[in-house]
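What follows is the residue order along each chain.
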Amino acid sequence: MTRSILRATGLAIALSAIASASMAHNAWLLPSSTVFSKADTVTVDAAVSNDLFVANHAPLRLDGLQITAPDGSTVKPESEAKLKLRNVFDVSVAQPGTYRIAVVNAGAFASWKDKATGQNKRARGTAETIGKEIPADAQDVAITQSSGRIETFVTVGKPSALKPIGQGLELIVAGSPTDLVKGEKASFTLNLDGQPAKNLDVTVTAGNTQYRDKLEEIKLKTDDKGQFSVTWPTAGMYWLDASTKDNKTTVPQAKERRLNYAATLEVMP
Amino acid sequence: MHVRYSLAPIAMSALLATPAFAASLAVNIEIPRLNVSEYHRPYVATWIERADNTVAGTLAVWYDVRTKTNNPEGEGTKWLKDMRQWWRRGGRELAVPVDGVTGATKPAGKHQLSFSEGTAPMPKLAPGAYKLVVEAAREVGGREVVSIPFQWPPTAVAQPTATGKEELGEVKLELKP
């Protein structure tokens with residue numbers, strides 16, 4: 001009897017662990033190459049999955065896709081295809097310098113209790129629309145704003161400096177994000193709305209997680225200047241991610257803002 | 001009096017010796033014969049690196065320079081980046097083709113290159129520690145970097161060598177003061 005209760009409790013804990021793990025799926029962009037000798041085409045996979053970089057769960061929506069050329073102009077994706085497990089697009093990289101390919105999400109979600117039925121309700125939207133989703137008589141309304149950036153970088157010829165975004169969580173690379181080499185140390189700064197993000201947890205995970213028993217994430221923390229560094233143990237594609245929350249919301253009723261950042265970086269042998 | 005006259009030409013020639021006979025450097029690169037089903041001649045970059053890994057000068061770059069599609073820079077420029085170390089250290093700053101530097105890929109065998117300081121493409125080098133670096137990258141094959149450290153200017157005739165394991169055979173540096 002006691003044993004079965006224990007087992008049931010264990011199961012419940014295990015289930016809740018799975019639930020929370022499923023919330024933390026990795027969203028990623030995977031470029032076919034990050035270094036080009038001259039004008040070329042880069043093809044990019046966009047997906048959400050636990051395994052890096054295996055498209056085995058869901059495609060990453062490309063509504064917020066922003067591609068910025070070295071001269072700051074916006075580039076349109078080509079040959080966009082929505083597949084079941086990943087979305088795919090091509091980018092013609094013509095200018096010498098570094099391109100930023102990013103999926104930027106700015107949204108809000110709300111939860112409330114329906115007055116008539118007492119049931120819990122939830123809705124998603126943008127900062128502008130979320131207010132309309134909630135009935136006027138809703139009870140226990142909680143709105144959370146979210147801001148996310150999932151990005152990768154591609155260079156044609158000599159790298160060029162990237163223009164900082166200054167909004168949300170963003171990574172500033174000392175040097176070029178496409179100049180990373182195994183055994184060398186790379187220095188980064190994480191900014192929050194353009195200011196150093198201090199004492200923030202950052203994880204760096206090598207791809208091909210399906211071929212090893214341990215995740216082997218590199219767990220780091222930004223210092224007082226928002227800086228951290230990584231010495232690349234092996235060559236390959238890496239996924240860097242960080243998240244935080246604060247109360248700097250732009251939606252009036254929202255109390256909390258959740259911020260996410262993820263970058264795919266290639267390390268050469 | 002007689003002594004002074006006889007010494008003068010010797011002193012003169014000693015003064016002239018340095019500019020007239022600049023130190024020279026020759027590189028002998030062996031491209032190994034490989035028994036593989038699909039063989040393409042490797043792309044090879046040869047350069048001199050300073051102690052801080054910056055490029056003092058690119059001496060030679062061999063790639064597919066054919067211009068069959070009326071492409072003046074050569075068919076193979078797309079793959080120049082596969083000579084990764086050279087590309088990152090300075091290759092990407094070079095606008096190919098470069099006279100006296102870029103050339104066609106070479107067959108298996110030994111290839112001799114000679115350079116004289118101050119004559120392109122060999123730059124004038126400040127005295128110090130340098131490295132000769134040779135990087136080979138082959139289509140459907142591997143990549144290898146071989147380097148030979150040396151001091152400049154050379155004080156004696158020397159022929160340091162280094163040997164690659166896969167994509168490069170013996171690389172010999174011939175230094176002449």
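Small disclaimer: the values here were computed from a predicted structure and weren't measured.

What is the right way to look at the environment of leucine 162 of chain A in this model?
All names here are of chain A. Summarising the element assignment, leucine 162 is placed in the loop between strand E11 (139-156) and strand E12 (169-173). Leucine 162 sits 77 residues away from leucine 85 along the chain, and the two C-alpha atoms are 31 Å apart. Discounting residues that sit within four places of it in the chain, leucine 162 has contacts with Thr98 and Arg100.

What is the right way to look at the environment of serine 33 of chain A in this model?
When you line up the elements, serine 33 of chain A lands in the loop between strand E1 (26-31) and strand E2 (35-36). Sequence separation between serine 33 of chain A and valine 154 of chain A is 121 residues, and the spatial gap between their C-alpha atoms is 7.3 Å.

I would appreciate a short explanation of the confidence of the model for chain A in the present structure.
Note: predicted coordinates in regions of low pLDDT should not be interpreted at a detailed level. Looking at chain A as a whole, its pLDDT mean stands at 90, while 91% of the residues score no less than 70. In the model, residues 1-23 of chain A has pLDDT below 50 throughout and makes zero contacts with residues more than four positions away in sequence or in other chains.

I'm lost on the confidence of the model for chain B in this one. Help?
Residues and elements named next belong to chain B. The pLDDT averaged across chain B works out to 89; a share of 88% of its residues lies at or above 70. Low pLDDT, under 50, characterises residues 1-20; the predicted model gives this stretch zero contacts beyond four residues in sequence or across chains. Overall fold confidence (pTM) sits at 0.85, and the ipTM for the predicted complex is 0.80.

Would you mind showing me how to read the interface of chain A and chain B here?
Accessible area lost during the coming together of the parts is what is often quoted as the interface size. Of the residues lining the interface, nine residues belong to chain A; the matching set on chain B comes to nine residues. A class-by-class count of the residues in the side of chain A that touches chain B yields three nonpolar, two polar and four charged.

Is there a simple way to think about the sheet that holds strand E5 (residues 109-116) of chain B in this case?
In a beta sheet, neighbouring strands are held together by backbone hydrogen bonds and run either parallel or antiparallel to one another. Residues and elements named next belong to chain B. Judged by pairing direction, the sheet is antiparallel, and its four strands sit side by side in the order E5-E1-E9-E8 without closing on themselves. The outermost strands of the open sheet, each flanked by one partner alone, are E5 and strand E8 (161-163). Mean inter-strand twist for the sheet, computed between neighbouring axes without regard to direction, equals 15°. One ladder, built from eight bridges, connects strand E1 (residues 24-31) with E5; its direction is antiparallel. Looking at the pairing, serine 24 lines up with serine 116 of E5.

Sorry, what's going on with the sheet that holds strand E6 (residues 128-137) of chain B here?
All names here are of chain B. In space, the five strands of this open sheet follow the order E4-E3-E2-E6-E7, with mixed pairing throughout. The outermost strands of the open sheet, each flanked by one partner alone, are strand E4 (102-103) and strand E7 (143-152). In this structure, strand E2 (residues 43-50) lies alongside E6, joined through eight bridges in antiparallel fashion. The residue of E6 that forms the bridge with valine 44 is alanine 136.

Can you walk me through the nonpolar core in this structure?
General note: in soluble globular proteins, nonpolar side chains tend to be found buried as a group. Grouped together as the largest cluster of nonpolar side chains are 51 residues, with contacts concentrated most on Trp28, Leu29, Val44, Val91, Ile101, Leu190 and Leu240 of chain A. Per element, the largest residue contribution to this core is six residues, and it comes from strand E20 (residues 254-268) of chain A. If we ignore the near neighbours within four places in the chain, the residues touching valine 91 of chain A are Thr41, Val42, Val44, Ile67, Val75, Pro77, Tyr99 and Ile101 of chain A. By size, the runner-up hydrophobic cluster in this structure holds 31 residues, among which are Tyr63, Tyr130, Leu132 and Val146 of chain B.

What counts as what
Sequence order sets the numbering: in each chain, residues are counted from 1 along the sequence as written. By the order in which they are written, chains take letters starting at A while ligands take numbers starting at 1. Since the coordinates come from a predicted model, pLDDT governs what is reported: local features require at least 70, and pairs of side-chain atoms require 80 or more to be given and counted, while whole-chain, interface and lining totals use all residues. Strands here mean DSSP runs of E at least two residues long; helices mean DSSP runs of H or I at least four residues long; both are numbered from the N terminus. Once C-beta atoms have been placed from the backbone, residue pairs whose C-beta atoms lie within 7 Å are recorded as contacts. Confidence scores labelled pLDDT are given residue by residue by the predictor and lie between 0 and 100. Put simply, Ala, Val, Leu, Ile, Met, Phe, Trp, Tyr, Cys and Pro go in the nonpolar bin, Asp, Glu, Lys and Arg in the charged bin, and everything else, Gly too, in the polar bin. The pairing criterion for strands is at least two bridges between them, as found by DSSP. Structural elements are reduced to axes, namely lines fitted to C-alpha atoms, with helices fitted over the stretch in contact, and the angle between N-to-C directions of any two is expressed from 0 to 180 degrees. In this usage, the nonpolar core is the set of buried Ala, Val, Leu, Ile, Met, Phe, Trp, Tyr and Cys residues whose C-beta atoms join them within 7 Å. Each residue is classed by its C-beta neighbour count within 10 Å, where at least 20 other C-beta atoms makes it buried, 12 or fewer makes it exposed, and intermediate counts make it partly exposed; the C-beta atoms are placed from backbone geometry.

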